[in-house]
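Reading the structure
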Amino acid sequence: MAEETKRTDDVSRRQFFTKLGLGSLSIAAVGTAAFAYQYLEPNVLFEPSPVVNAGKPDRYPLDSVTLDVNSGIYIIHSEEGYFSLSAVCTHLGCLTAWKPELGIIACPCHGSKFSVSDQAKLKPGEKIEGPAPKPLPWKRIWLNDDGDLLVDRSTDVPAMARDSFVRV
Amino acid sequence: MAKTIDQHFDSLRETRVWRSIFRSGTGSSTLKRALAIQQNVFLHLFSTKVRTRMLSVSATWYLGTLTLGTFLILVATGIPLMLYYHPSAPQAYADTKDLQFVVSSGLFLRNLHRWSAHAMVFLVFAHMFKVFYRGAYRPPREFNWVIGVVLLLLTLLLSYTGYLLPWDQLAYWAITVGSNIASAVPVIGGKIHFLLLGGNAVNANALLRFYVLHCMILPLTAIFFVAIHFWRIRKDGGLYSHGSEPAVVRAQAASRSATEIPGGEKEAQ
């Protein structure tokens, strides 16, 4: 019995302290990694608000596509109403442009083309051609109490859904 | 009789101050010359003795040395540029323009930094191709090839982080596109993108982060790996070994196949 316990607890003082030391070092290393990660992740961002005021709806004539370069969104006034598309290409983040002569949205960086109207059975925002992996997302749009169009760039809404349009 | 220039140098080498710094002393014996290399903190990374053939232009085209040369130019021009450049969104672009049009010799330093950066990327690739076609990546140099690949990535990252610093439209969109590539990493891509830029878009935080990466973290990392790279050349037996020359490798392969085809089993015995 005595011999058995001696065999299972056969850890010398040196080994014990080595294990204790390595153990505390690993815990400290994990803690340091966690602190470093938290430190590198900013808690406060001085970035523009995701909600953009796009002004009064009558600024946008029927069947018009308007790019707001600063906020990176399109305000589109179609038969169904006003809706908003992101102007940031889903490929690598370039700012796309509205090509009125072709009736499409095109990205200058790598040539992705996106539909705006229902032509060719594509919903607005869907890709016609190019490397973009996803359609341009629709953004939540609504009217505030002053009658201004507001767009929330941080919220995607389903394409062609009833609530994705503003009707005035 | 007047002393010759060599004799003047010899008496300089005998002085106490000189001997306190360089311990090897005068004389051109093989031992003294070996000690001069071995006891110098910078030169001790290299072999104490090198065959003249290894230093011939055809062996390496000096591409690695030239790459080091451009790196040293980049350090020497980059530090003075830092004295006039503020990595802040309102000032960065104006500072770049000031360096071009207001600061004395600023245009020269900035252009030298830029062209050396381009040259370094070119030379790193040329060096890699030369090593590849010479077969100098073969054992025992596999590990140094890996270090070389790390250095290639560091060079590209240095180039990429430096690209944002002028803070113009070209820089902005290049980094927007480049950092979105990081988002393509599965699962943690978005997180990497956020940490790299210090935000969701290329902003003041991104400029500062790229500045710190460009001026501190990446150069120090590069120096660390360059030191290992040079030290490994010595440890792996010089710039290249006779055995890894294409003609020798072909001859070995030919003799091996010559012995193997008629009596492959005999060799096993």
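What counts, and at which threshold
Residues numbered from 1 in each chain as written. Chains lettered and ligands numbered in written order. Predicted model: local features only at pLDDT ≥ 70, side-chain atom pairs only at ≥ 80, totals over all residues. Helix = DSSP H or I, 4+ residues; strand = E, 2+ residues; numbered from the N terminus. Rg over C-alpha atoms; globule rule 2.2 N^0.38 Å. Buried ≥ 20, exposed ≤ 12 C-beta atoms within 10 Å, placed from the backbone. Contact = placed C-beta atoms within 7 Å. Nonpolar A, V, L, I, M, F, W, Y, C, P; charged D, E, K, R; others polar. Domains from an automatic or database assignment. Pairing = 2+ DSSP bridges. Axes fitted to C-alpha atoms, helices over the stretch in contact; angles between N-to-C directions. pLDDT = per-residue confidence, 0-100. Parallel < 35°, antiparallel > 145°, perpendicular 65-115°, else oblique. Left-handed = near helix turned anticlockwise from the far one by under 90°. Expected span 1.5 Å × (residues − 1). Arc of directions from axis to C-beta.

With that settled, consider the overall build of chain B. Along chain B, the regular secondary structure elements total 12 helices and 0 strands. Mapped in sequence order, the helices and strands of chain B form the string α-α-α-α-α-α-α-α-α-α-α-α. Here the C-alpha radius of gyration of chain B, 25 Å, is well above what a compact globule of 269 residues would show, namely 18 Å. Overall size of chain B, expressed as C-alpha extent along the three principal axes, is 75 × 70 × 25 Å. Within the span of chain B, comprising 269 residues, buried residues form 20% of the whole. Contacts in chain B between residues at least 24 apart in sequence constitute 63% of all its contacts with a sequence separation of at least 6.

With that settled, the discussion passes to the overall build of chain A. Along its length, chain A carries 2 helices and 10 strands. Listing every helix and strand of chain A by position from the N terminus yields α-α-β-β-β-β-β-β-β-β-β-β. In terms of overall size, chain A is more extended than a compact globule, its C-alpha atoms giving a radius of gyration of 28 Å where 168 residues would be expected to give roughly 15 Å. On the principal axes, the C-alpha backbone points of chain A span a range of 95 × 40 × 30 Å. Within chain A, buried positions represent 25% of all 168 residues.

Across the contact, 10 residues belong to chain A and 13 residues belong to chain B. Partitioned by chemical class, the residues of the side of chain A that touches chain B number 7 nonpolar, 1 polar and 2 charged.

The domain boundaries assigned to chain A delineate domain 1 (2–40) and domain 2 (51–164). Each of domain 1 of chain A and domain 2 of chain A has a C-alpha centre, and these two points are 57 Å apart.

Now for the sheet that holds strand β1 (residues 51–55) of chain A. All names here are of chain A. Pairing within the open sheet is antiparallel, and its 6 strands lie in the order β1-β10-β9-β4-β3-β2. Each having just a single partner strand, β1 and β2 (64–68) make up the two edges of the open sheet. Shown here is a sheet whose adjacent strand axes are inclined to one another by a mean of 30 degrees, direction ignored. Relative to strand β10 (residues 149–157), strand β9 (residues 138–143) runs antiparallel, the two sharing 6 bridges. Counterpart to K139 in the pairing with β10 is D156.

Attention now goes to the confidence of the model for chain B. All names here are of chain B. Confidence in the prediction for chain B averages 88 pLDDT; 93% of positions are at 70 or higher. Of the regions scoring below 50 in pLDDT, residues 263–269 engages in 2 contacts with residues more than four places distant in sequence or in other chains. The ipTM for the predicted assembly is 0.74, set against a pTM of 0.81.

When two helices pack together, their arrangement is given by the angle between the helix axes and by the axis-to-axis distance. Residues and elements named next belong to chain B. Closest axis-to-axis distance for the helix α8 (residues 142–164)/helix α11 (residues 204–235) pair is 9 Å, and the angle between their directions is 160 degrees. Judged by the angle between their axes, α8 and α11 are roughly antiparallel. Every pair of crossing elements has a handedness; the one defined by α8 and α11 is left-handed. Residue composition of the contact of α8 with α11, by class: 17 nonpolar, 7 polar and 1 charged.

Right, let's talk about helix α9 (residues 169–182) of chain B for a bit. Residue and element names in this part refer to chain B. With 14 residues, α9 extends 20 Å from end C-alpha to end C-alpha; this agrees with the ideal 20 Å at 1.5 Å per step. Burial in α9 covers these residues: A171, I175, T176 and S179. Around the axis of α9, the buried residues are gathered within 130 degrees of arc, so they sit on the same side. In α9, the exposed positions that point more than 90 degrees away from the buried face belong to Q169, L170 and I181.

Turning to the packing of helix α7 (residues 106–134) of chain B against α8 of chain B, a few remarks are in order. All names here are of chain B. Look at α7 against α8: their axes get within 10 Å of each other, and the N-to-C directions meet at 160 degrees. As summarised for this structure, α7 and α8 are arranged roughly antiparallel, according to the angle between their axes. Once α7 is placed against α8, the crossing between them reads as left-handed. Two secondary-structure elements touch here, α7 through A117, M120, V121, V124, M128 and V131 and α8 through G148, L152, T155, L156, S159 and G162.

Moving on: α8 of chain B. Residues and elements named next belong to chain B. The end-to-end C-alpha separation of α8 is 34 Å, in line with the 33 Å expected for 23 residues at 1.5 Å each. All buried positions along α8 are accounted for by N144, G148, L151, T155, L158, T161, G162 and L164. Structurally, α8 contributes buried residues whose contacts are with α7, α9 and α11.

Here the focus is the pairing of strand β3 (residues 73–78) of chain A. All names here are of chain A. Most of β3 sits out of view: 5 of its 6 residues are buried. As judged from the 5 bridges shared by β2 and β3, these two strands associate in the antiparallel manner. Opposite S64, over in β3, you have H77 as the bridge partner. Remark: 4 residues form the turn of the hairpin made by β2 and β3, two consecutive strands paired antiparallel; G72 in that turn has positive phi of roughly 70 degrees. Between β3 and strand β4 (residues 81–86), which follow one another and run antiparallel, lie 2 residues.

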